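Examination of the molecular architecture
So the chains spell out like this:
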Amino acid sequence: VLRRYLAARVEGIHRSQTTPELIAAAAPVHAHASGLARLLSEADLVKFARQRVSPSEGQAHGADARAITRRVEDHFLELEKEETERRAA
């Protein structure tokens with residue numbers, strides 16, 4: 001879900017990108033997406049290496065993904081607000 005959101009919201013990010021490619025493409029939002037590289041790397045271990053995570057770890061990862069999404073979205077909403085105010089001035 002996080003990859004889909006970033007691909008839809010951040011220019012230059014595509015769902016098909018590898019984790020390193022996505023992290024590089026996410027440079028414009030790095031300040032608002034702390035923990036993104038760690039979270040995606042851990043998700044890769046679950047997906048590709050079949051690493052097991054406990055239910056509490058899974059819940060923590062979900063909370064981290066929601067927090068990153070919220071911070072990035074807040075950033076874009078603020079940019080859009082500033083642009084609207086600039087146009088109105």
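Use the structure listed above.
In what follows, the accompanying structure is described. (Residues numbered from 1 in each chain as written. Predicted model: local features only at pLDDT ≥ 70, side-chain atom pairs only at ≥ 80, totals over all residues. Heavy atoms only, no water.)

Focus on the nonpolar core
Judged by nonpolar contacts, the single largest core of 18 residues is most densely connected at Leu2, Leu6, Val10, Ile13, Leu36, Ile68 and Val72. Every element with two or more residues in this core is listed here: α1 (2-9), α2 (19-25), α3 (36-48) and α4 (55-88). Tallying contributions element by element places α4 first for this core, with four residues. In contact with Leu2, not counting residues within four places along its chain, are Leu36, Leu39, Leu40, Ala65, Ile68 and Thr69. (Core = buried A, V, L, I, M, F, W, Y, C linked by side-chain atoms within 4.5 Å. Buried < 20%, exposed > 50% of the residue type's maximum accessible area, 1.4 Å probe, protein only. Helix = DSSP H or I, 4+ residues; strand = E, 2+ residues; numbered from the N terminus. Contact = heavy atoms within 4.5 Å.)

Examining the pattern of salt bridges
Any two side chains of opposite charge can pair, on the condition that their charged atoms come close. Scanning the entire structure with this criterion turns up seven salt bridges. We note a salt bridge from Arg9 to Glu73, for which the minimum N-O separation is 2.9 Å. Separated by 64 residues along the polypeptide, Arg9 in helix α1 and Glu73 in helix α4 bring together distant segments of the chain. Here Arg86 and Glu83 are joined by a salt bridge, their closest N and O atoms 2.4 Å apart. Of this pair, Arg86 and Glu83 both sit in helix α4, three residues apart, which is roughly one turn of that helix. Among the residues examined, Arg86 registers a relative accessible area of 55% and is labelled exposed. One network of salt bridges, with partners in common, ties together Arg9, Glu73 and Glu80. (Salt bridge = Lys/Arg side-chain N within 4 Å of Asp/Glu carboxyl O.)

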